[in-house]
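Observations on the three-dimensional arrangement
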Amino acid sequence: MIAANLEAVRQRISAAALRAGRDPSTVRLVAVSKQHPLEDIEAAMAAGQLDFGENRLEELWPKVEAARVRGLTAIRWHMIGVIQSRKTRDAIGPFVLIHSVDRVKIAQRLSRDAIAAGCIMDVLLEVNVSGEATKHGFTPDELRSVAGDLLALPGIRIHGLMTMAPFEAEPEATRPVFRALRMLRDELAARFPQGDWRELSMGMTNDFEIAIEEGATIVRIGSAIFGARSE
Ligand SMILES: *Cc1c(COP(=O)(O)O)cnc(C)c1O
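Quick summary incoming for the structure in this document. These numbers come from a predicted model, not from an experiment.

A closer look at the site of the ligand
Lining the immediate environment of the ligand, one finds Val32, Lys34, Asn55, Ile80, Met164, Met204, Thr205, Arg220, Ile221, Gly222, Ser223 and Arg229. Between the ligand and the protein, one listed contact pairs a nitrogen atom with a side-chain N or O atom of Arg220 at 2.9 Å. Arg229 has a polar side-chain atom sitting 2.8 Å from an oxygen atom of the ligand. Its free accessible area being 390 Å², the ligand has 92% of it covered by the protein chains. Most atoms of the ligand, that is more than half of them, are within 2 Å of grid points of the largest pocket.

Observations regarding the layout of surface pockets
When its volume is computed, the largest pocket comes out at roughly 520 Å³. If you trace the largest pocket, you find 25 residues lining it, with Lys34, Met164, Met204, Arg220 and Arg229 closest to the centre. Class assignment for the residues of the lining of the largest pocket results in 10 nonpolar, nine polar and six charged.

Re the pattern of salt bridges
Under the defined criterion, the tally for this structure stands at 25 salt bridges. One salt bridge connects Arg19 with Glu213, and the closest N-O pair in it is separated by 2.8 Å. Pair noted here: Arg19 is in helix 1 (residues 2-19) and Glu213 is in helix 7 (residues 208-213), with a separation of 194 residues, a long-range link. The exposure class assigned to Arg19 is exposed, which follows from its relative accessible area of 53%. Between Lys135 and Glu132 there is a salt bridge, with the nearest N and O atoms lying 3.1 Å from each other. Within the structure, one salt-bridge network assembled from shared partners comprises Arg19, Glu172, Arg175, Arg179, Arg182, Glu213 and Glu214.

Some remarks on the packing of helix 5 (residues 140-151) against helix 6 (residues 175-191)
Put simply, helix 5 and helix 6 touch, their axes get as near as 11 Å, and they point 15° apart. One finds that helix 5 runs roughly parallel with respect to helix 6. Crossing hand, helix 5 versus helix 6: right-handed. Seen from helix 5, the contacting residues are Pro140, Leu143, Arg144 and Ala147; seen from helix 6, they are Leu184, Glu187, Leu188 and Arg191.

Let's talk about helix 6
The terminal C-alpha atoms of helix 6 lie 24 Å apart, and with 17 residues this matches the ideal 24 Å at 1.5 Å per residue to within 8%. Considered for burial, the residues of helix 6 that qualify are Arg175, Val177, Phe178, Leu181, Leu184, Arg185 and Leu188.

Structural notes on the pairing of strand 5 (residues 121-126)
Taken across its six residues, strand 5 has six buried, putting it largely inside the fold. What you see with strand 5 is no split at all: Met121, Val123 and Leu125 on one side and Asp122, Leu124 and Glu126 on the other are buried throughout. Judged from the two bridges that link them, strand 4 (residues 95-101) and strand 5 form a sheet pairing that is parallel. Considered in strand 5, the bridge of Ile98 is made with Val123.

Brief notes about the nonpolar core
Residues Leu143 and Leu161 are the most contacted members of the largest nonpolar core, which totals 64 residues. Ranked by residues supplied to this core, first place goes to helix 1 with six residues. Once residues lying within four places of it in the same chain are set aside, the contact partners of Leu161 are Leu124, Leu125, Val127, Leu143, Leu181, Leu184, Arg185, Leu188, Trp197, Glu199, Leu200 and Ser201. Within the second largest apolar cluster, five residues are counted, among which are Val30, Leu97, Met162 and Ile218.

Parameters and conventions
Residues numbered from 1 in each chain as written. Predicted model: local features only at pLDDT ≥ 70, side-chain atom pairs only at ≥ 80, totals over all residues. Heavy atoms only, no water. Near = heavy atom within 4 Å. Polar contact = N/O pair within 3.5 Å; in protein donor to acceptor, adjacent residues only side chain to side chain. Areas by Shrake-Rupley, 256 points an atom, 1.4 Å probe, with all protein chains shown as cover. 1 Å grid on protein atoms, 1.4 Å probe; cavity = no way out; pocket = protein on both sides within 12 Å on 5 of 7 lines; lining within 4 Å. Sits in = over half its atoms within 2 Å of the grid points. Points joined across faces, edges and corners; volume = space filled by probe spheres on them. Nonpolar A, V, L, I, M, F, W, Y, C, P; charged D, E, K, R; others polar. Salt bridge = Lys/Arg side-chain N within 4 Å of Asp/Glu carboxyl O. Helix = DSSP H or I, 4+ residues; strand = E, 2+ residues; numbered from the N terminus. Buried < 20%, exposed > 50% of the residue type's maximum accessible area, 1.4 Å probe, protein only. Axes fitted to C-alpha atoms, helices over the stretch in contact; angles between N-to-C directions. Parallel < 35°, antiparallel > 145°, perpendicular 65-115°, else oblique. Left-handed = near helix turned anticlockwise from the far one by under 90°. Contact = heavy atoms within 4.5 Å. Expected span 1.5 Å × (residues − 1). Pairing = 2+ DSSP bridges. Core = buried A, V, L, I, M, F, W, Y, C linked by side-chain atoms within 4.5 Å.

Everything listed here is a matter of geometry and, on its own, says nothing about what the molecule does.
This is the structure:
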């Protein structure tokens, strides 16, 4: 089931990339395993998936530990959810990428805690492109004004931007959000060439094909791979 779902998602990723004249290998799939047990992660690994995303540190850490005990050392963990400012220390760990740095305070505290732990964390900056009150992230204007300061923080390495589009019954309606994130990225890359802005983490089960057509380099897909969640 999970293997077949993964295969179907991979084919849809390839088709979307090719439609946009892109090389499918430039789109990385993060399988979002939140609320699903380690057994499901193992099933996905058996089908060749190594990047997994979780949105709550309280769920991520026990899974990291359980995976370590079972010798699943090949997993690349991605933190994709909100980090509370009191909890930044818990976000310092064996994560290949934190997608969800959503305000200056989080960036500063992550940097401080990373330095204290003797490491540098690889991160993306989350942008609230749609302006929805329920969404987290920098507004585009805010990011334009603080990007230089964020690039100077010694404990984080920025690699690009992340966004979540509002859920739309018609996925095509998300296109302006993804296009706006790509254009903001291009603008920041031109204004701050000292930074690495290559990654665009955008697209979920409902809208990933549109995101890929608009330049996503990372898609975060849960339910299309693991099935529906209870939330
Ligand atoms: C849950 C989640 C996803 C995956 O959502 P699906 O619709 O199940 O693909 C992607 N990104 C973030 C930040 C999430 O919290």
